[in-house]
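Each chain, letter by letter, is given below.
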Amino acid sequence: MTEETTQFPILSCEGMSCTIAARPAPLQVLHDINFSVSRRKTLGIVGESGAGKSMLIKSIMGIAPTPVRVEGRILLDGIDLSTLKPKARSQLIGRKVGIVFQNPMTSLNPFASVGRQIEEAGRFHLDLTRTQARERATELLRVVGIADAKDCYDYFPHQFSGGMKQRIMIATALMCRPDLLIADEATTALDVTVQKEVLDLLQILQEERQMSMILVSHNLGVMAGRTDHILVLYGGHIVETGPTAEVFRNPRHPYTGALLSAMPRMDQPAHARLETIPGQPPSLSNQPRGCPFAPRCPSAQGLCHNDMPLMSREGDHRFACHFPLTETSVSKEVSHG
């Protein structure tokens, strides 16, 4: 990495939107997305299913399903990806970004050995010889905690547990020594104990390799203590973003407050009922005119249903709400959790 590139965030999205061509009318999935990922820092992206998290990641990676139109700027190492031809874009992303998807059972090819699958990116993007690629793949199996790495290189995915498969996916993502690692719901399909092991491994690897990281999850608990900055998505909009500690301490958007209230806590009585958020996320074909959370928000007023709130700023903390939460209202919500 040169001194010139270190002045840029590793990744920035500026005014990004994503629209699916559909009949009778196009469906807008993402609206005016703006954020950046600093070098050697971790960004958490959180929201319910349907919030737009996976479409955001796929649009950045250039693997969004067609027909999709992505507008705005996506800057990787200061380079605007929209200015590159498809092959050059693929090569840049392949070298700079590694991604771990949600379900290793569907991400791995059942008919190829895991070693061959790990080494594929290195041979394609780095022009490694078969011997060089095999050596690096075997070493990465050791790095992610696969015992007997030399033997396991020739094993097939069905010979590993779910947790081991996800470790193999991490090894695959690290093959090209990326500057940015994206974990897209990478622990959702795993049991709680294995989830922690995988998240701990990602954190250790990030520190050792001086990478930036994006953690994508519907679970705010995953973000606590593991991310520097958090971005809350709802209905394809950023509704709140800021330093993780500040957002947890003082959430300003009612949706963020509701997510925090729904988290189990150690100080709750045994068998206490968890809070839920009534209603459903907005439909792509019937999106609200105003705030996307207004139909489910207990504090919503007429203005909320008719006008989209502008983004307000308190230092590095930003939120889009006409009637933001106060510290008093947050403490009341949490006390009822």
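Remember, predicted model here, so these are calculated numbers, not experimental data.

Peer 1: Give a description of the environment of Leu 11 that names residues and reports values.
Peer 2: Relative to the helices and strands, Leu 11 resides in strand S1 (residues 11–20). Taking C-alpha positions, Leu 11 is 9.2 Å from Ile 79, a pair spaced 68 residues apart along the chain. Dropping the residues within four chain positions of it, Leu 11 is found in contact with Phe 35, Ser 36, Val 37, Ile 60, Ile 74, Leu 75, Leu 76, Leu 180 and Ile 214.

Peer 1: Any chance you could break down helix H1 (residues 53–61) for me, citing the residues and the numbers?
Peer 2: Most of H1 is tucked away, with seven of its nine residues classed as buried. Turning to H1, its buried residues are Lys 53, Met 55, Leu 56, Ile 57, Ser 59, Ile 60 and Met 61. Just downstream of H1 lies Gly 62, where phi reads positive at about 80°.

Peer 1: Can you break down the pattern of salt bridges residue by residue, with the values?
Peer 2: According to the stated counting rule, one finds 16 salt bridges in the structure shown. We note a salt bridge from Glu 185 to Lys 53, for which the minimum N-O separation is 3.8 Å. Remark: Lys 53 occurs in helix H1 and Glu 185 occurs in the loop between strand S7 (180–184) and helix H8 (192–209); sequence separation between them is 132 residues. Across the pair, Lys 53 and Glu 185 agree in class, each one buried. Salt-bridge contacts for Arg 134 lead to Asp 154; the nearest nitrogen and oxygen are separated by 3.3 Å. Residue Arg 134 is located in helix H5 (residues 130–143), and its partner Asp 154 is located in the loop between helix H6 (149–152) and helix H7 (162–174); the two are separated by 20 residues in the primary sequence. Each of Arg 39, Asp 77, Lys 96 and Asp 179 takes part in salt bridges that share partners, so that together they form one network.

Cut-offs applied
Residues numbered from 1 in each chain as written. Predicted model: local features only at pLDDT ≥ 70, side-chain atom pairs only at ≥ 80, totals over all residues. Heavy atoms only, no water. Helix = DSSP H or I, 4+ residues; strand = E, 2+ residues; numbered from the N terminus. Contact = heavy atoms within 4.5 Å. Buried < 20%, exposed > 50% of the residue type's maximum accessible area, 1.4 Å probe, protein only. Salt bridge = Lys/Arg side-chain N within 4 Å of Asp/Glu carboxyl O.

In short, geometric facts, not functional conclusions.
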